[in-house]
Amino acid sequence: MASSAFDPVTLELMWTRLISAADEAAAALVRTSFSTLVRESYDFSCIVTDEAGQSLVQATQSIPSFIGTLPATVKHFLHDYPVERVQPGDVLITNDMYQGTGHLPDISLGKPLFHRGRMIGYAATTAHAPDIGGKIRSPEPREVFEEGLQIPIMKMIDAGRVNDSLVSIIRKNVRTPEQTMGDLWAQVVALDVMEARTLALLQDAGLTSLRELAAEIHGRCESVMRAAIRNLPDGVYRTALDIDGQLDEPVHLEMAVTVAGDTLDIDFAGSSAQVDRAINSAMCFTFAQTVYGVKCMLAPNLPNNEGSFKPITVRAPEGSIVNPVFPASGGSRMLTGHFLGSMVLQALGGVVRDRVMAAPGSPHWGVNQSGVRNGKPYANMFFFSGGLGANSRRDGISCLGWPGNTAYTPIELSEQIAPFRIKCKRLRPDSGGAGRFRGGLGQEILLENRSDSPIAVSFLTEHIVYPPRGIAGGEPGACGVLQINGKAVHAKRQHVIHKGDTILLAVPGGGGYGDPRHRSRAQVENDLEQGYITDERPYR
């Protein structure tokens, strides 16, 4: 099959087979991983790229932002290790903030794929490590140097030989050496699965490379995205947003979306400058979150690959909070970056109102802890989502994150791996914004520290000052609340807690859609009966 044109049946079979290869790799990663971040929260991604580093497929269970960041990392691998410097059995590694996913805990691995003596592509994976050293993840670090071990692009495995010096350095610098390295070896397993399945596909199809298949996949997806953009009226659509930022100093975001024929240009000029806190969103993360918002709005069912994003450009002033320069910190970059997809919906909401939703109670909240347990250092991260925003057809879903889609760690497992007792985890009444369609509810979580030794805790929170916005006349969702021992605390600083101390997290609800007075009486009565609301006055 030397031609670049495939009949529809053959193309579908090959394309699906590649997706299955990534999905099988993801399953292998989950089964062999050590940390709950991979095994329970699914904070990872697996992709296959062509020889230029352009993604062809991504595992179905993947973090949305990695659609945009991981292919870019592979291109950095190709730049630093061109084809003449790699060989079968190599595995490259990095967690560089600016060449990776925007923060150090995400460790990316790439394996060059060889077929018939030539390099034909890459298998790649990213996973959130349980610990990367440095100060535990929080918004406080002022420089990337404070945030942990930085791994430059290098070979973790060289022609099948493990770089034992690198392994020793990683193990020495993290609080969870068994878990961190265990997850890395699980990522290597995933790479091996993608390599075996991709090469088997090429062998069965009689192809010498992925080039022709990549051109077909990218071309078809690019055409679909361009057609979707052409349905939008040409023009410049603007939106702006203020977010909590450092609490005592908010962050301002501006976006201008220019529609011109079958292309989109998105510019963040006018946004706040980078800050000396770890809430900066590196350009790789900014791009990924922005184009994901476009994809959700215009072509949500399109398979994830590089072709979908070719008609879209994303720009941001260098030195801004959405394009910081080294050595800015970014460990909590989601506290800025997770707003960008929603801003796309807000900017274009006036022309595609049936395909947008009110602001969600995201970014999802996180509790990061570290201490000593059974004589050994430990570190854990738990995620909790707010409510989705309502849209023109339905209420927002309660306790579901967007754009982040990490899963929750079950209560029983959480209490096993961390010295916390979860006193309650329940829906938060009245947290969804009132509207013709109500915003999804947030949740309340009450944690009690059972550790005999002090624990350092930090939090990933937003919407404590500025609530999730409603649209089309809908009301905002409720702001979040963070308390330790019943008292409000600074949500962007690290705290030390002792045995018996409690932490209350009241996660925001989503914004409402439409005038609340137009909500049906039956829906209001059902909300009262179910305990979703306690006051019907906003609907009168």
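### Some thoughts on the nonpolar core
Judged by nonpolar contacts, the single largest core of 107 residues is most densely connected at Cys46, Leu109, Met156, Leu213, Leu253, Leu298 and Leu348. Per element, the largest residue contribution to this core is eleven residues, and it comes from helix 5 (residues 177–205). Residues in contact with Leu109, not counting those within four places in the same chain, are Phe77, Val91, Leu92, Ile93, Ala123, Ala124, Thr125, Met156, Leu184, Gln187, Val188 and Leu191. Val367, Ile422, Ala491 and Leu505 belong to the second largest nonpolar core, which has 20 residues in total.

### Details of the sheet that holds strand 10 (residues 263–267)
With mixed pairing, the four strands of this open sheet are ordered in space as 8-9-10-11. The open sheet terminates on both sides in strands that have one partner only, identified here as strand 8 (235–243) and strand 11 (312–315). Taken pair by pair, the neighbouring strands of this sheet meet at an average axis angle of 15°, ignoring direction. Here strand 8 runs beside strand 9 (residues 251–260); their pairing, made up of nine bridges, is antiparallel. Bridge pairing in strand 9 places Arg238 opposite Ala256. Sheet strands in contact with helix 9 (residues 340–348) are strand 8, strand 9 and strand 10, and its direction is about 55° off that of strand 9.

### Points about unusual backbone geometry
Note the cis peptide between Phe326 and Pro327, where omega equals 10°. With respect to the helices and strands, the residue Pro327 is situated in the loop between strand 11 and helix 8 (334–337). Residue Pro403 follows Trp402 across a cis peptide bond; omega there is 5°. Take Pro403: it is sitting in the loop between strand 13 (376–384) and helix 10 (411–417). Even without being a glycine, Asn374 presents a positive backbone phi close to 55°. Structurally, Asn374 can be placed in the loop between strand 12 (365–373) and strand 13. According to the relative accessible area criterion, Asn374 is exposed, its value standing at 76%. Its identity is not glycine, yet His463 carries a phi of approximately 65°, on the positive side. Within the fold, His463 resides in the loop between strand 16 (455–460) and strand 17 (481–484).

### Quick word on the state of the cysteines
On inspection of all chains with the given rule, the structure shows zero disulfides. Distance from the sulfur of Cys46, which forms no disulfide, to the nearest cysteine sulfur (Cys284) is 19 Å. Cys221 takes part in no disulfide bond, and the closest cysteine sulfur, belonging to Cys296, lies 15 Å away. Residue Cys221 is classed as buried on the basis of its relative accessible area of 1%.

### Regarding the sheet that holds strand 16
Note: strands within a sheet are paired through backbone hydrogen bonds, in either parallel or antiparallel orientation. The four strands lie next to each other as 13-12-16-19, forming an open sheet whose pairing is antiparallel. Edge positions in the open sheet fall to strand 13 and strand 19 (495–497), since each of these has one partner strand only. Ignoring which end each strand starts from, the neighbouring axes of this sheet average 25° apart. Relative to strand 19, strand 16 is paired through three bridges, and the arrangement is antiparallel.

### Structural notes on the pairing of strand 10
Regular strands show a simple pattern: their side chains alternate between the two faces of the sheet. Strand 10 sits mainly inside the fold: four of its five residues count as buried. Taken together, the five bridges between strand 9 and strand 10 define a ladder with antiparallel strand orientation. Paired with Ala260 across the bridge in strand 10 is Thr263. As for the winding sense of the linkage, the β-α-β connection from strand 10 through helix 7 (residues 283–298) to strand 11 is right-handed.

### Considering the environment of Arg373
In this structure, Arg373 sits in strand 12. Here the side chain of Arg373 touches Ile417 through a polar contact of 3.3 Å, landing on its backbone oxygen.

### Describing the pattern of salt bridges
According to the stated counting rule, one finds 35 salt bridges in the structure shown. In this structure, Arg521 and Glu525 form a salt bridge, with 3.3 Å as the shortest nitrogen-oxygen distance. In this pair, Arg521 and Glu525 both sit in helix 11 (residues 521–530), four residues apart, roughly one turn of the helix. For Glu525, a relative accessible area of 43% corresponds to the partly exposed category. Here Glu536 and Arg521 are joined by a salt bridge, their closest N and O atoms 2.6 Å apart. A residue pair is termed long-range when its members are at least 10 positions apart, and Glu536 in the segment after helix 11 and Arg521 in helix 11 qualify at 15 residues. A relative accessible area of 44% places Arg521 in the partly exposed class. One network of salt bridges, in which partners are shared, links Glu222, Arg226, Arg230 and Asp262.

### Side note on helix 4 (residues 164–173)
The complete set of buried residues in helix 4 reads Leu166, Val167 and Ile170. Projected onto a plane normal to the axis of helix 4, the buried residues spread over an arc of 100° and lie on a single side. Summarising the geometry of helix 4, the exposed residues directed more than 90 degrees from the buried face are Asp164 and Lys172.

### A closer look at the packing of helix 7 against helix 9
At a minimum axis separation of 7 Å, helix 7 and helix 9 run at an interaxial angle of 45°. With respect to their mutual orientation, helix 7 and helix 9 come out oblique. Judged by the sense of rotation from one axis to the other, the crossing of helix 7 with helix 9 is right-handed. Residues Thr286, Gln289, Thr290, Gly293, Val294 and Met297 of helix 7 pack against Leu340, Gly341, Val344, Leu345 and Leu348 of helix 9. For the contact of helix 7 with helix 9, a count of residues per class yields six nonpolar, five polar and no charged.

Rules used throughout
Residues numbered from 1 in each chain as written. Predicted model: local features only at pLDDT ≥ 70, side-chain atom pairs only at ≥ 80, totals over all residues. Heavy atoms only, no water. Core = buried A, V, L, I, M, F, W, Y, C linked by side-chain atoms within 4.5 Å. Buried < 20%, exposed > 50% of the residue type's maximum accessible area, 1.4 Å probe, protein only. Helix = DSSP H or I, 4+ residues; strand = E, 2+ residues; numbered from the N terminus. Contact = heavy atoms within 4.5 Å. Pairing = 2+ DSSP bridges. Axes fitted to C-alpha atoms, helices over the stretch in contact; angles between N-to-C directions. Disulfide = S-S within 2.5 Å. Right-handed = clockwise from strand over helix to strand, strands pointing away. Polar contact = N/O pair within 3.5 Å; in protein donor to acceptor, adjacent residues only side chain to side chain. Salt bridge = Lys/Arg side-chain N within 4 Å of Asp/Glu carboxyl O. Arc of directions from axis to C-beta. Parallel < 35°, antiparallel > 145°, perpendicular 65-115°, else oblique. Left-handed = near helix turned anticlockwise from the far one by under 90°. Nonpolar A, V, L, I, M, F, W, Y, C, P; charged D, E, K, R; others polar.

Purely geometric numbers; function is a separate question.
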